[in-house]
Amino acid sequence: MSLDQDSSLLDEHYGIIGATVVSFGYLEHEVMRAAIALYGGPDDLTAEQEKTIEKFIEKPFGKRLEHFCEIAEEKGVDKGWVSDFQSKVAEGIKWRNLICHAQWEYIGKGILRGTFFSRGCVKRGHPDVVKLSKDDLIRIGKSTFDNAQLLAKTFI
């Protein structure tokens, strides 16, 4: 079911892009739950911790992830685990804004093109453009879901 009759996207494309976008939401949710769990859970937060979490929620996702990693290290989580986790989510973070906010079109041969107006694009004179296969999007989404599940299993 196309949202735009002129769109080149097929239902399958909407499903793949949508599933990838949902994976980022799941990761963001689990980062917040893990941070709260590191402080002892929602029922055991001090007023100061609650303020810290509230400020943390307002930040862009990359900053929230950095803050989570700082909290994890402060609370004694192995630095190797934290570093490994940061490496695992790096690709998804790199793609997040583009995948979530791009205008997508199918350009043939299994390739989708996303065009996104990111910070600095006006100065550069053009938006960001990426070409990804359906398999690329599925891989990014699966990796992001896997990382969210890792947080849930480790901290919740």
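Everything below is about the structure shown above.
Rules used throughout
Residues numbered from 1 in each chain as written. Predicted model: local features only at pLDDT ≥ 70, side-chain atom pairs only at ≥ 80, totals over all residues. Heavy atoms only, no water. Phe/Tyr/Trp six-rings, centres within 6.5 Å; stacked < 30°, edge-to-face > 60°. Helix = DSSP H or I, 4+ residues; strand = E, 2+ residues; numbered from the N terminus. Buried < 20%, exposed > 50% of the residue type's maximum accessible area, 1.4 Å probe, protein only. Pairing = 2+ DSSP bridges.

**Student:** Residue-level account of the packing of aromatic side chains, with values.
**Tutor:** Evaluation of the coordinates by the stated rule reveals 5 aromatic pairs. Aromatic side chains Tyr26 and Phe145 sit 5.4 Å apart centroid to centroid with 45° between the ring planes, which places their arrangement in the tilted category. Taken together, the positions of Tyr26 in helix α1 (residues 11-38) and Phe145 in helix α6 (residues 134-155) put the pair 119 residues apart, joining distant regions of the chain. The interplanar angle of 85° and the centroid separation of 5.6 Å between the aromatic rings of Phe68 and Phe155 together place this pair among those described as edge-to-face. With Phe68 in helix α3 (residues 61-74) and Phe155 in helix α6, this residue pair connects regions lying 87 residues apart in the sequence. Chaining the aromatic ring pairs together yields one cluster made of Phe68, Trp81, Phe85 and Phe155.

**Student:** An account of the pairing of strand β2 (residues 111-116) is needed here, citing residue identities and associated values.
**Tutor:** Only one face of β2 is covered, namely the one carrying Leu112, Gly114 and Phe116; the face carrying Ile111, Arg113 and Thr115 has none of its residues buried. In this structure, strand β1 (residues 103-108) lies alongside β2, joined through 5 bridges in antiparallel fashion. Counted as the bridge partner of Gln103 is Thr115 from β2. Between β1 and β2, which pair antiparallel and follow one another directly, the connecting turn spans 2 residues, one of which, Lys109, has a positive phi of 55°. Inspection of the sheet shows β2 paired to strand β3 (residues 128-133) by 6 bridges, in the antiparallel sense. Looking at β3, one finds that Phe116 is bridged to Asp128.

Interpretation note: all reported values are geometric properties and have no functional meaning in isolation.
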